[in-house]
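Examination of the molecular architecture
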Amino acid sequence: MAGKLYLCATPIGNLEDITFRVVRTLKEVDLIAAEDTRHSIKLLNHFEITTPMTSYHEFNKYDKAKYLVEQMKQGLSVACVTDAGTPGISDPGEELVRQCLEAGIEVTSLPGPAACITALTMSGLPTRRFCFEAFLPSDKKEKQEVLEELKTETRTIVLYEAPHRLLKTLRELNEALGNRDITICRELTKKHETVFVTTLECAIAFYEEEEPRGECVIVVRGRNPEELKEEKRQNWMELSIGEHMEYYLKQGMDKKTAMKAVAKDRNMQKRDVYQALLEANDK
């Protein structure tokens, strides 16, 4: 009988945030795959968990996942834990889940702490729709592509950042997105937890004077949909109605559909677009 993979959420700071179910599961499984065994041993010792551990991290995630899958095929049950929070969120647990599912191994997630959700709910920014970007890419070109996409993102944006890169990231966000409302959550659930409700420009000025400390979650207000719509409309208005029609016709639209699209883009009635085209043809 095949074993099973348990994704066990562990505290992001305060040890009291661990669930009874996670503690029981960590005691009952055959093996714990930990992102950093030196870090996780403190957690296991605190809760008197003696289950064997093995390292599973970013630099061995492909080969080690294969090994763990083979162990589960033999019937062993494995718990995956990250340094803090829920495995699979911006960590190597994602690869292990993928290989397990491909191999037909059952996977279950034991819910618990997640820094992105914790920060979002404390931010004071809209929570109904949000996007999670984790850490911005280290590759310069890839980072610029992501920032370009975020310029028109209307959902609340959640990012992670280390203290030594926080100021640089805030400057990059401000340059790309403009001076948005943000909330910076630092040292979540720990003794020195802080929630800094501010703007990108004010945060930059603050951290130019004060060195950031502790892991941070940056929550950024999304673009105003109405402002974005108006900006797009203004861009279309730089074209004549004839040029606007030609744009859609070149995309393969028929005249009727193109005229409807032009009317929508310019916030006009379709009959007014038709009349303008007739007048342009008469000249």
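Figured I'd write up the structure that's included with this text. Fair warning: this is a prediction, and the values are worked out from it, not measured in the lab. Think of each chain on its own: its residues are numbered from 1, step by step along the sequence as written. Totals for whole chains, interfaces and linings use all residues, but because this is a predicted model, local features are given only for residues with pLDDT of at least 70 and pairs of side-chain atoms are given and counted only at 80 or more. Heavy atoms from the whole structure form the basis of all side-chain values; hydrogens and water molecules are not counted.

Another aspect to go through is the layout of surface pockets. Considering only enclosed or pocket space, the largest pocket measures out at about 980 Å³ in volume. Only protein atoms enter the calculation, which uses a 1 Å grid: trapped sets of points that fit a 1.4 Å probe without letting it out are cavities, open sets showing protein on both sides within 12 Å along at least five of seven lines are pockets, and any residue with an atom within 4 Å of a point is a lining residue. I12, D83, A84, G85 and E215 are, among the 34 residues lining the largest pocket, the residues nearest its centre. Breaking the lining of the largest pocket down by element, the ones donating at least two residues are helix 2 (37-46), strand 7 (156-161) and strand 10 (216-220). Within the lining of the largest pocket, the residues separate by chemical class into 16 nonpolar, eight polar and ten charged. Grid points are joined across faces, edges and corners, and a volume is the space filled by probe spheres set on the points. Here a strand is any run of E in DSSP of at least two residues, a helix any run of H or I of at least four, and the numbering for each starts at the N terminus. Ten residue types, Ala, Val, Leu, Ile, Met, Phe, Trp, Tyr, Cys and Pro, are classed as nonpolar, four, Asp, Glu, Lys and Arg, as charged, and the remainder, Gly among them, as polar.

On to the nonpolar core, then. Core analysis: the largest hydrophobic core is formed by 22 residues, its most contacted members being L170, L173 and V220. Top element by residues in this core is helix 7 (residues 166-177). It accounts for six residues. Beyond its immediate sequence surroundings of up to four residues, V220 is in contact with L125, T156, I157, L159, L173, L177, R180, D181 and I182. V23, V29, L44 and I49 belong to the second largest nonpolar core, which has 16 residues in total. In this description, a nonpolar core means a group of buried Ala, Val, Leu, Ile, Met, Phe, Trp, Tyr and Cys residues linked to one another through side-chain atoms lying within 4.5 Å. Exposure is judged per residue with a 1.4 Å probe applied to protein chains only, and the accessible area is read against the type maximum: over 50% gives exposed, under 20% gives buried, and values in between give partly exposed. Contacts are residue-level and defined by heavy atoms, with any inter-residue pair within 4.5 Å sufficient.

For the rest of this paragraph, the subject is the sheet that holds strand 8 (residues 181-186). Read across the open sheet, the five strands follow the order 6-7-10-8-9; overall the sheet is mixed. If you trace the sheet from one side to the other, it starts and ends with strand 6 (130-134) and strand 9 (194-199), each paired once. In this sheet, adjacent strand axes meet at a mean angle of 20° when their direction is disregarded. Paired strands, as defined in this entry, are two strands with at least two bridges between them according to DSSP. Sheet analysis places strand 7 next to strand 10, joined by five bridges and oriented antiparallel. Bridged to E161 within strand 10 is C216. In the packing of helix 5 (residues 115-122) onto the sheet, contacts are made with strand 6, strand 7, strand 8, strand 9 and strand 10, and the angle to strand 7 comes to roughly 130°. Axis lines are fitted to C-alpha atoms, over the contacting stretch for helices. Their N-to-C directions set the angle, which ranges from 0 to 180 degrees.

Moving on: the environment of T169. Structurally, the position occupied by T169 is in helix 7. Between the C-alpha atoms of T169 and G104, which are 65 residues apart in sequence, the distance is 40 Å. The residues contacting T169, other than those within four sequence positions of it, are L136, E161 and I218.

Let's shift gears to empty space enclosed by the protein. On inspection of all chains with the given rule, the structure shows one cavity of 30 Å³ or more. In this structure, the largest cavity occupies an estimated 30 Å³ of space. Around the largest cavity sit A33, A34, E35, Y56, C80, V81, T82, D91, P92 and G93, which together line it. Breaking the lining of the largest cavity down by element, the ones donating at least two residues are strand 2 (31-34) and strand 4 (78-81). Classifying every residue of the lining of the largest cavity by side-chain character gives six nonpolar, two polar and two charged.

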